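Overview (structure and organization)
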Amino acid sequence: MSSEPSVPTVQVLAEAARRRTFAVISHPDAGKSTLTEALALHARAITSAGAVHAKGGRRGVTSDWMELERERGISVTSAALQFGHRDHVMNLVDTPGHADFSEDTYRVLAAVDCAIMLVDAAKGLEEQTRKLFAVCRHRGVPVITFINKWDRRGRDALTLLEDIETHLGITPVPMVWPVGVAGNLRGLVEASNTEQMRRYTKVPAGTHAAIEELLTAEEAVEQEGEPWQNALEELELVLDSGPGWDREAFESGKITPVFFGSALTNIGVKLLLDSVVDLAPAPAPRPLAAGGSREVTEEFSGLVFKIQANMDPAHRDRIAFVRVCSGVFERGMNVTRAASGRSLTTKYAHTVFGAERTVVDKAYPGDVVGLINAASLRVGDTLFSGRKAEFPGLPAFAPEHFAVARPKDISRSKQFRRGVSQLDEEGVVQVLVSDRRGDQAPVMAAVGPMQFDVVLHRMEHEFSSPITLDRLPYQLARVTDAEGAEVIAKDRLTNAEVLIRRSDDALLAVFADRWYLNSFQRNKPDVRLDPLIATA
Ligand code: G4P
């Protein structure tokens, strides 16, 4: 079973300490792809960052990152991008940028130690940003804010900060301040050094990285005059009225350090990248479901946060993405799946970066490893070697869309059942059943309706069992217990029913709308109805 560790503990500690594992959360179009590219190119000191942002044919491609990989030869997959910066290893975990939101977006946040919240300077806080922020808060993931597109006309900096404070309930602490209003960005001033201005000059050809010059405060007064004075005054005002930078407050979600810039012209991107190194936490001990925690230096443990099937259509395979939480992952090692107590070998472990899939030999806390064809694994699983580790399961979010699935061809019921089980295990949708409806008519429950499109497509093309999905008139789900289920069943309500979630046998009471739920609660105040994690 477990053998002598081939990597000394001090080395594990040192490797963990230089890792930063983070994600970018944003509303579609805020500039996540542009920023990702700018960060990666910056880190690799490729001077043409920004100039390469050719998005022409990118729309409609399944993964923006795969396209990025093709364009730039940067090492990516659709799960994580790894690059070096200042002797640190940066693991940027992808959050799918669907126009619609879905549960997998939220789950990947279980794999990161920090998130960059990207805000469009003109649009401010948008719906998906708020939802993703709520998940970060729920999971205790600290958030760094980057206000993007300052090269374009947008809102006023103070108003944007006020919105963050009012709508998200977190105190923004500016680390840099823009010199010049949105649309007329002259440069940036750092809160830690107001004696210097970073001035940027756009290159005429448009999307090229702007040129940076450093100006002393005297030069800034002389050459930039009013915008510089205003920037200093505003920055002082905000800093004086706020709590200032404090690591503990950041890590406990009370404050968010704020950066301004423009991903497209590469303004402020390096400061942001430096901040991830300087401010974001390194992998830390992870709490265990049974209490206590797993130290990063203990033997290997990892969390399966995403399962992706058919990434490579030629191979029809299934990859389980694992975030290493402790110890060293070594290819070929035997690991145990906590849920079943069964062991599996990791012969087919790959790094999730590299233009080709590269076989991974070693990975450290914070890294992401893809296990190929590990069919038994499910999202939320813990893998470990040595002392048992089991991390708390990933949260199931409150579904808002419900539909009954039925096979179009009942002679293919075996394929139908296999497909439904597989999609349930992958967490593509939550599968709910009830005695009343039977196994041949499971209810698919989703956070975002796009999850249904994926189900329809995969049932037909991957499992050869085309299905129909008939929408049910429910919008809300609550967790109840056996007594509650009995009350609801007995009342033969038309606008509610209780269904069993297959993944964990939870009893979900589903309701047509809030009005109906409220009146039910008024009439039956003793029925247990606990909220699930809401994204709205
Ligand atoms: P997403 O992944 O969050 O969906 O956003 P993406 O990077 O694709 O950017 C969305 C649009 O915003 C793109 O324009 C992109 O060029 C633009 N953008 C991103 N960052 C900045 C910025 O700092 N300043 C300005 N002015 N624009 C920015 P598009 O017109 O949709 O595409 P493209 O044809 O320009 O590439």
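Residues numbered from 1 in each chain as written. Predicted model: local features only at pLDDT ≥ 70, side-chain atom pairs only at ≥ 80, totals over all residues.

1. Considerations on the overall build of the chain
A tally of helices and strands in the chain yields 13 helices and 31 strands. Looking at the chain as a whole, 46% of its 536 residues are labelled buried. (Helix = DSSP H or I, 4+ residues; strand = E, 2+ residues; numbered from the N terminus. Buried ≥ 20, exposed ≤ 12 C-beta atoms within 10 Å, placed from the backbone.)

2. Digging into the environment of R186
Mapped onto the secondary structure, R186 falls in the loop between strand 7 (176–179) and strand 8 (187–190). Take R186: there are 22 C-beta atoms within 10 Å of it, and that puts it in the buried class. Beyond its immediate chain neighbours, meaning those up to four positions away, R186 contacts V179, G180, R199, E224 and P227. (Contact = placed C-beta atoms within 7 Å.)

3. Re the sheet that holds strand 31 (residues 530–531)
Reading across the sheet, the 8 strands line up as 27-24-26-25-29-30-28-31 and stay open at both edges, with antiparallel pairing between neighbours. Both outer strands of the open sheet, strand 27 (467–471) and strand 31, are each paired with one neighbouring strand and no more. Pairing analysis gives 3 bridges linking strand 25 (residues 430–433) to strand 26 (residues 443–446), with the strands arranged antiparallel. Bridge pairing links Q430 to A445 in strand 26. Relative to the sheet, helix 13 (residues 514–523) contacts strand 28 (476–480), strand 29 (496–501) and strand 30 (507–511), its axis offset from that of strand 30 by approximately 115 degrees. (Pairing = 2+ DSSP bridges. Axes fitted to C-alpha atoms, helices over the stretch in contact; angles between N-to-C directions.)

4. Considerations on unusual backbone geometry
In this structure, D29 is a non-glycine residue whose phi angle is positive, near 85 degrees. In this structure D29 comes out as partly exposed when scored by C-beta crowding, with 14 C-beta atoms within 10 Å. Positive phi, close to 50 degrees, is recorded for S464, a residue that is not glycine. Within the secondary structure, S464 is located in the loop between helix 11 (450–461) and strand 27.

5. So, helix 7 (residues 217–241)
When the terminal C-alpha atoms of helix 7 are compared, their 23 Å separation across 25 residues is substantially less than the 36 Å that a helix rising 1.5 Å per residue should span. For helix 7, the principal kink sits at E224 and spans about 125 degrees; a proline, P227, occurs within the next four residues. Regarding helix 7, the residues found buried are A220, W228, A231 and L235. Those residues of helix 7 hidden inside the fold are in contact with strand 6 (171–174), strand 7, strand 8, strand 9 (193–201) and strand 10 (211–216). (Expected span 1.5 Å × (residues − 1). Bend = angle between axes of the 7 residues up to and from the residue.)

6. Side note on the environment of T9
For T9, the position within the fold is in helix 1 (residues 9–17). The spatial distance from the C-alpha of T9 to the C-alpha of E218 is 51 Å, given a sequence separation of 209 residues.

7. Focus: the sheet that holds strand 7
Strand order in the open sheet formed by 4 strands is 7-8-9-10, with antiparallel pairing between adjacent strands. Either end of the sheet is taken by a strand with one partner, and the two such strands are strand 7 and strand 10. Each strand axis lies, on average, 25 degrees off the axis of its neighbour in the sheet, ignoring direction. Both strand 7 and strand 8 contribute to a ladder of 4 bridges, which runs antiparallel. When the bridges of strand 8 are listed, P178 appears paired with L188.

8. Some points on the confidence of the model for the chain
Model confidence for the chain is summarised by a mean pLDDT of 84, while 85% of its residues fall at 70 or above. Low confidence marks residues 45–77, where pLDDT is under 50. Its contacts with residues over four positions away, or in another chain, come to 53 contacts. Of the regions scoring below 50 in pLDDT, residues 352–356 engages in 17 contacts with residues more than four places distant in sequence or in other chains. Among the scores for the predicted complex, ipTM is 0.97 and pTM is 0.83. (pLDDT = per-residue confidence, 0-100.)

9. Description of the nonpolar core
Counting 145 residues, the largest nonpolar core has L109, A115, V322 and M444 as its most contacted members. Beyond its immediate stretch of four places on either side in the chain, A115 contacts F22, A23, I25, L109, C136, V141 and V143. (Core = buried A, V, L, I, M, F, W, Y, C linked by C-beta atoms within 7 Å.)

10. Some thoughts on helix 11
Each α-helix turn comprises 3.6 residues. Residues three or four places apart therefore point the same way. Here helix 11 contains 12 residues, and its C-alpha end-to-end distance of 17 Å stays within 8% of the 16 Å for a straight helix at 1.5 Å per residue. Where helix 11 is concerned, the buried positions are Q451, F452, V455 and M459. Buried residues of helix 11, seen end-on, are gathered within an arc of 100 degrees and therefore sit on one face of the element. Set apart from the buried face of helix 11 by more than 90 degrees, the exposed residues are H457 and H461. Its buried side turned inward, helix 11 meets strand 24 (401–407), helix 10 (413–426), strand 26 and strand 27. (Arc of directions from axis to C-beta.)

11. Some words on the pairing of strand 9
Note: strand 8 against strand 9, 3 bridges, orientation antiparallel. Directly across from L188, in strand 9, lies its bridge partner R198. Between the end of strand 8 and the start of strand 9, which pair antiparallel, lie 2 residues. The pairing of strand 9 with strand 10 spans 6 bridges and is classified as antiparallel. The partner of R199 across the bridge, within strand 10, is E213.

12. Comments concerning the environment of R323
Looking at where R323 falls in the secondary structure, it is placed in strand 15 (residues 318–326). With 29 C-beta atoms packed within 10 Å, R323 lands in the buried category. A sequence separation of 44 residues divides R323 from D367, and the C-alpha atoms of the two residues are 5.9 Å apart. Each residue touching R323, except ones within four places of it in the same chain, is listed here: A111, G302, L303, F305 and V368.

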